Amino acid sequence: MLKSYIITAFRNIKKHKTFSLINILGLSIGMTVSLLILIFVINEFSYDNFYPNKDRIYRIAVKWGQENNIMKFAGSMPAISPAINDAFPGAIAAARVLKAYNGITVERKQKKIKEENACYADAEYFKVFALPFISGNPETALAEPYSVVITKSIAEKYFGNTNPVGETLTIEGDLYKVTGLINDIPENTHLNLNMFISYKTLAAKGEKDEHPWNSWGSVYNYVLLKDNVSPQSLKQALGKELEANAGEWFASRIEFVIQNLTEIHWINDFRGDSGPKQNKMYVLVFLIAAIVILAIACFNYVNLSTARYLERMKDVGIRKVIGANRSQIVTQFLIESLMITFLSIFISFILFQLFRSSAYSFIETKIILNENYFFSLSAVILFMIIIVGFIAGVYPALFLSKFSPTEIIKNKVVSGVKHFSVRKVLVVVQFIMSILLIFGTVVIYKQIDFMLNTSLGYDKENVVILNLISPESKNKYQTLKEKLSEHSGVKAVSGAFTVPGINSRENMGVKVIDGSNEDIINLQTVAVDYDFVKAMGIKIIKGRNFSEKFGSDINRSVILNETAVKMLNINNPIGEKIGMPKGNNKMEEVTIVGVVKDFNLQSLHNKITPLLLYLEPEKYIAMLVKYDPESQKDVLAYINKTWGEVLPGEKPNYIFLEDSYKKLYKSETKTEKLLVFFAVLAIFISSLGLLGLTSFAAAKRVKEIGIRKVLGASVSNIVTLLSKEFVLLVVVSTLIASPVAYILMNKWLQNFAYRININVWMFLISGSMALAIALFTVSIIAIKAALSNPINSLRSE
Amino acid sequence: MIKLKGIEKYYKNKFIKTYVLRNINMEIKEGEFVSVMGSSGAGKSTLLNIIGMLDVASNGEYLFFNESVHKMNEKQLSNLHKSYIGFVFQSYHLIDELTVYENLETPILYQKVKSGERKARVAEILDEFKIVAKKDLFPNQLSGGQRQLVAVARAIIAEPKLILADEPTGNLHSEQGKEIMELLKKLNANGTTIIQVTHSKENAEYGDRIIKLNDGWIEE
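Residues numbered from 1 in each chain as written. Chains lettered and ligands numbered in written order. Predicted model: local features only at pLDDT ≥ 70, side-chain atom pairs only at ≥ 80, totals over all residues.

## Section: the overall build of chain A
Here comes step 1: Along its length, chain A carries 25 helices and 24 strands.
Here comes step 2: On the principal axes, the C-alpha backbone points of chain A span a range of 100 × 65 × 50 Å.
Here comes step 3: Nonlocal contacts in chain A, meaning residues at least 24 apart in sequence, comprise 83% of its contacts between residues at least 6 apart. (Helix = DSSP H or I, 4+ residues; strand = E, 2+ residues; numbered from the N terminus. Contact = placed C-beta atoms within 7 Å.)

Laid out in structure tokens, this is it:
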């Protein structure tokens, strides 16, 4: 029986080539996209999922600040983990991890290699993260200073195949004992580590031996809670501990955030976080896009299958007359749809293999190829065959098997009102989806265009940013500045702590010292050099720029932006004195010497913040060089040369301010590109379906067309006759899609403090684009039908 | 075998009833060969479809081997027709996508006959109809007469008690037509009941008796 089903299905597929081709093409594209996306989604959700007890492991992060000025940090106070281990019975263990950000140099025998993924970890680390040891004792491995636990790949690098436990390694010049060997940690983790040095080593070396409650840096605190202990109770306990140790003022500005291990991959707004991050929304959008594209392809199958009912009816009728049940007929159709799906997934798999690496590198995701990957790939493929095969097949099968044999045998015209409206609805849904995607693309394009071209209050052209990465470059800043300024093409050079596109930010609470107001106001503070205002082309609207002529600007003068002046509520800012914290939280008196026009150091997602510029050479992390556009080449060559002279062996790490600014919208630009891609696919597959439907309609009406032509209808009459209905459907789609598109895109635009308005022309563009494509598709068939000689169609009767 | 009492068939269209069959009373015994004649639109095919359980009468009683067909639901009807009745049509109605062999095999495939027995029965029929050489051809590779031959072969492969033939020779040359009629006669002689619808007086003569329909009424 099955063999007969398969043979019939295969012959049907072969016989109706157009139908099969359209379906297989559409489904292959749809399934390739879905395959890529589903594997991506599964990969993203796999992060940190391999740790035992992952549901009970939490990281303690902090929020600092009040009301509208809150900053979030992934790191937290080093005092936390020891405190939890001492006094919080709800926890099994807590451990600190401090990554060795600049790498560590590891030596053994002839080998001397810089290792990038090393960390300092508390003795309890392997209690929290219960990674199995190949060799060594997890209880005691990190208990002593100068101990190190290494992964298998590190062990192989330095020790070959011998057991490294008990051996020694030289790290940064000191001798360490290898106390444990573990398997390599899977790559899908936010903590990609391969060497664990005991945390006590830091104290032994005389660094960071304190457990402060009132400051924090890059130390992460992780805790494994007991069953049924809520993270909330930990948060409360830590809050009390903090208040007792750091005082009420400090404690009132801190909120602990208890993050589950598996959530960390999705949290991307905490400073100093570790590992690759992913935006859940982004993944969700992808998932929806995959479903939409696949649905459009399935709809084609449904529409084209049911459109063929006249052809298939006879076959169904005969089979029923000679004894087939409805269920046997349904099975026949399902097998056919499953076979089409099977052929399509085969092509998809080839396409998937071809485009996999470029697609994933485009969305900057690393798909981890382990046994899980192959398992999920097979599961996804199987899932897709079944889902698509059935979704596409069930309705046509039920619909086509319904006909009663007499109607069919007698070749009576079957009233097709009901199924016909289903087909119309599906076409409308397809075009709604396509129009939504087109509309989304248009809005995102306009918003990006707006953000890149709107005035930011500074001049982003002809400025190059030189990152001061190495300590040497920071030390030689003055020399670099003097040398670079000598070039005639260089107009201004300034160091800065914050530049657009580089994620560094400093806030301080300042207050006006005139006795009227004791409130501390939080401002963003930017450490700059004398020529910052000049290099950035910022406009001074009151007072003056910093100047060396006055000799006293360092530590004594500041410049505010308009928003800051407003927030501090000062009427005549120039000469006004304000207090700002210096060193050990002591307020120092500084004078406002100038006010600049508002400028936006961040992306336009954010409102302009109140800013304070002050001179502080120690804080510079980058240099800005403003140059004459005509001598750009010379200046860059000069920078290269000078950098090498001042800092032997170092190369300048530079980026143009314009590019650095563009980088702020990387995610939007990427979304736009992807949306264009999805929109093109959606409209392409929808048009394929339309092409099929029109050709069926034309075939069905071939006699009518012949008669009309004999009676004197022109080509355009015939084209209108055939196109009218589909064009109407696209118009209906536009009408339905528009409000939905408006709501969705308006919501997206809320992400931006400065944004475009959605205009009527955007709807018109999306709608007419869809209409034009649909019309074009339909016309291909309609014109062909209209041009055919009526003699041929009429003679065939 | 078949008893029709007061069978009527009409189509309702906005309160107007259009009658196709009116007060049909007839009995057909097992082993008979009956020809139904009448002009176009006299209701011949409708009568045949009702007898063949492909269609349902609007009024009246239909007894098939003393079972009340008019009281059965669709599934029972389908089972009854499947196991007792074979059809032959004017336009053959072979399945275009299947070879002669597969066309013959399909009815018993649907009845879930085991593979070995299926093969034997198809081989037997192919042999009997002398179409072994054609078994791997598709219907469109055959002449009209050959197609109808295959259609008759397909109709009897499930060994029905009754064969309903709707103008079986309508699309054939007289020579081919004769061949088919001889074949039906032979099947009848072997015990199969046959009801045929025909326009041709000559073909009607093959039957034991002729029923004439006129505008839905039986002409006595």
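## Let's talk about the overall build of chain B
Here comes step 1: When you go through chain B residue by residue, the secondary structure sums to 7 helices and 10 strands.
Here comes step 2: Relative to the compact-globule value of 17 Å for 220 residues, chain B shows a C-alpha radius of gyration of 18 Å, a close match.
Here comes step 3: With respect to the three principal axes, the spread of C-alpha positions in chain B is 55 × 40 × 35 Å.
Here comes step 4: By residue count, 43% of the 220 residues in chain B fall in the buried class.
Here comes step 5: If you take every contact in chain B between residues at least 6 apart in sequence, the share linking residues at least 24 apart comes to 69%. (Rg over C-alpha atoms; globule rule 2.2 N^0.38 Å. Buried ≥ 20, exposed ≤ 12 C-beta atoms within 10 Å, placed from the backbone.)

## Quick look at the interface of chain A and chain B
Here comes step 1: With 17 residues of chain A in contact, the opposing surface of chain B contributes 19 residues.
Here comes step 2: Going through the elements one at a time, α1 (2–15), α10 (309–321) and α13 (405–409) of chain A are the ones with two or more residues in the side of chain A that touches chain B.

## Points about helix α1 (residues 44–51) of chain B
All names here are of chain B.
Here comes step 1: Burial runs high along α1: 8 of the 8 residues are buried.
Here comes step 2: Turning to α1, its buried residues are K44, S45, T46, L47, L48, N49, I50 and I51.
Here comes step 3: Positive backbone phi, at 65°, marks M53, one or two positions downstream of α1.

## Looking at the pairing of strand β20 (residues 577–582) of chain A
Residue and element names in this part refer to chain A.
Here comes step 1: One ladder, built from 2 bridges, connects strand β16 (residues 507–512) with β20; its direction is antiparallel. Bridged to V512 within β20 is I578.
Here comes step 2: Pairing of β20 with strand β21 (residues 586–596) involves 6 bridges; the strand directions are antiparallel. Looking at β21, one finds that G579 is bridged to E589. (Pairing = 2+ DSSP bridges.)

## Observations concerning the pairing of strand β12 (residues 220–225) of chain A
Residues and elements named next belong to chain A.
Here comes step 1: With respect to burial, β12 is a largely interior element, 6 of its 6 residues being buried.
Here comes step 2: Pairing geometry for strand β3 (residues 91–99) and β12, over 6 bridges, is antiparallel. Within β12, the position partnered with A93 by the bridge is L224.

## Considering the packing of helix α2 (residues 17–45) of chain A against helix α9 (residues 280–307) of chain A
All names here are of chain A.
Here comes step 1: Contact geometry for α2 and α9: axes closest at 9 Å, N-to-C directions at 160°. Relative to α9, α2 is oriented roughly antiparallel. Crossing geometry of α2 relative to α9 is assigned as left-handed. (Axes fitted to C-alpha atoms, helices over the stretch in contact; angles between N-to-C directions. Parallel < 35°, antiparallel > 145°, perpendicular 65-115°, else oblique. Left-handed = near helix turned anticlockwise from the far one by under 90°.)

## Re the packing of α9 of chain A against helix α21 (residues 666–700) of chain A
Residue and element names in this part refer to chain A.
Here comes step 1: Packing of α9 against α21 leaves a shortest axis separation of 9 Å and a crossing angle of 5°. One finds that α9 runs roughly parallel with respect to α21. Mapping the contact onto sequence places A289, V292, I293, I296, A297, F299, N300, N303, L304 and A307 in α9 and F678, L681, A682, I685, S686, L688, G689, G692, L693 and F696 in α21.
Here comes step 2: Taken together, the residues of the contact of α9 with α21 sort by class into 15 nonpolar, 5 polar and no charged. (Nonpolar A, V, L, I, M, F, W, Y, C, P; charged D, E, K, R; others polar.)

## Side note on helix α11 (residues 326–362) of chain A
Here comes step 1: F355 of chain A marks where α11 of chain A bends most, by close to 55°.
Here comes step 2: Taken from the residues just after α11 of chain A, E364 of chain A is the one with a positive phi, measuring 55°. (Bend = angle between axes of the 7 residues up to and from the residue.)

## A few points about the sheet that holds strand β4 (residues 59–64) of chain B
In a beta sheet, neighbouring strands are held together by backbone hydrogen bonds and run either parallel or antiparallel to one another.
Residue and element names in this part refer to chain B.
Here comes step 1: Taken in spatial order, the 4 strands line up as β2-β1-β4-β5 in an open sheet, and their pairing is antiparallel. With partners counted over all chains shown, the strands left at the sheet margins are β2 (16–28) and β5 (67–68), one partner each.
Here comes step 2: As paired strands, strand β1 (residues 2–13) and β2 are joined by 9 bridges and run antiparallel to one another. Paired with K3 across the two strands is E27, which belongs to β2.

## Thoughts on the sheet that holds strand β3 (residues 33–38) of chain B
Residues and elements named next belong to chain B.
Here comes step 1: Spatial ordering of the open sheet is given by β6-β7-β8-β3-β9-β10, a layout of 6 strands whose pairing is mixed. Edge strands, defined here as strands with exactly one partner in the open sheet, are β6 (85–89) and β10 (217–219). Sheet twist, expressed as the average angle between the axes of neighbouring strands with direction ignored, equals 25°.

## Describing the domain arrangement of chain A
How big an interface is tends to be stated in terms of the accessible area lost upon association of its parts.
Residues and elements named next belong to chain A.
Here comes step 1: Annotation of chain A at the domain level lists domain 1 (1–47 + 280–415), domain 2 (55–266), domain 3 (430–455 + 664–797) and domain 4 (471–649).
Here comes step 2: Distance from the C-alpha centre of domain 1 to the C-alpha centre of domain 2: 50 Å.
Here comes step 3: In this complex, domain 1 contributes 6 residues to the contact, which on the side of domain 2 involves 8 residues. (Domains from an automatic or database assignment.)

## Focus on the nonpolar core
Residue and element names in this part refer to chain A.
Here comes step 1: Ranked by size, the top nonpolar core spans 83 residues in total, and within it I293, I296, C298, I435, F439, A682 and A782 carry the most contacts.
Here comes step 2: Taken together, the elements giving at least two residues each to this core come down to α2, α9, α11, α12 (371–400), α14 (417–453), α21, α23 (715–749) and α24 (760–787).
Here comes step 3: In terms of residue count, α9 provides more of this core than any other element does, 15 residues in total.
Here comes step 4: Two domains each provide a minimum of three residues to this core, namely domain 1 (1–47 + 280–415) and domain 3 (430–455 + 664–797). (Core = buried A, V, L, I, M, F, W, Y, C linked by C-beta atoms within 7 Å.)

## Quick look at the environment of T151 of chain A
Here comes step 1: Here T151 of chain A lies in strand β8 (residues 147–151).
Here comes step 2: Among residues more than four places away in sequence, those in contact with T151 of chain A are I182, N183, D184, I185 and N194 of chain A.

## Digging into the environment of A155 of chain A
Residue and element names in this part refer to chain A.
Here comes step 1: Locating A155 in the fold gives a position in helix α5 (residues 152–159).
Here comes step 2: With 417 residues separating them in the primary sequence, A155 and N572 have C-alpha atoms 67 Å apart.
Here comes step 3: Apart from the residues lying within four places of it in its own chain, the contact partners of A155 are I150, P164 and L181.

## Examining unusual backbone geometry
Here comes step 1: Positive phi outside glycine occurs at N462 of chain A, with the angle close to 60°.
Here comes step 2: A positive phi angle, close to 65°, is found at M53 of chain B, a residue other than glycine.
Here comes step 3: Examined against the element boundaries, M53 of chain B turns out to sit in the loop between α1 and β4.
Here comes step 4: Assessed through the 24 C-beta atoms surrounding it within 10 Å, M53 of chain B is described here as buried.

## Digging into the confidence of the model for chain B
Here comes step 1: Taken as a whole, chain B shows an average pLDDT of 89; of its residues, 100% reach a score of 70 or greater.
Here comes step 2: Scored by ipTM, the complex comes to 0.86, with pTM at 0.79. (pLDDT = per-residue confidence, 0-100.)

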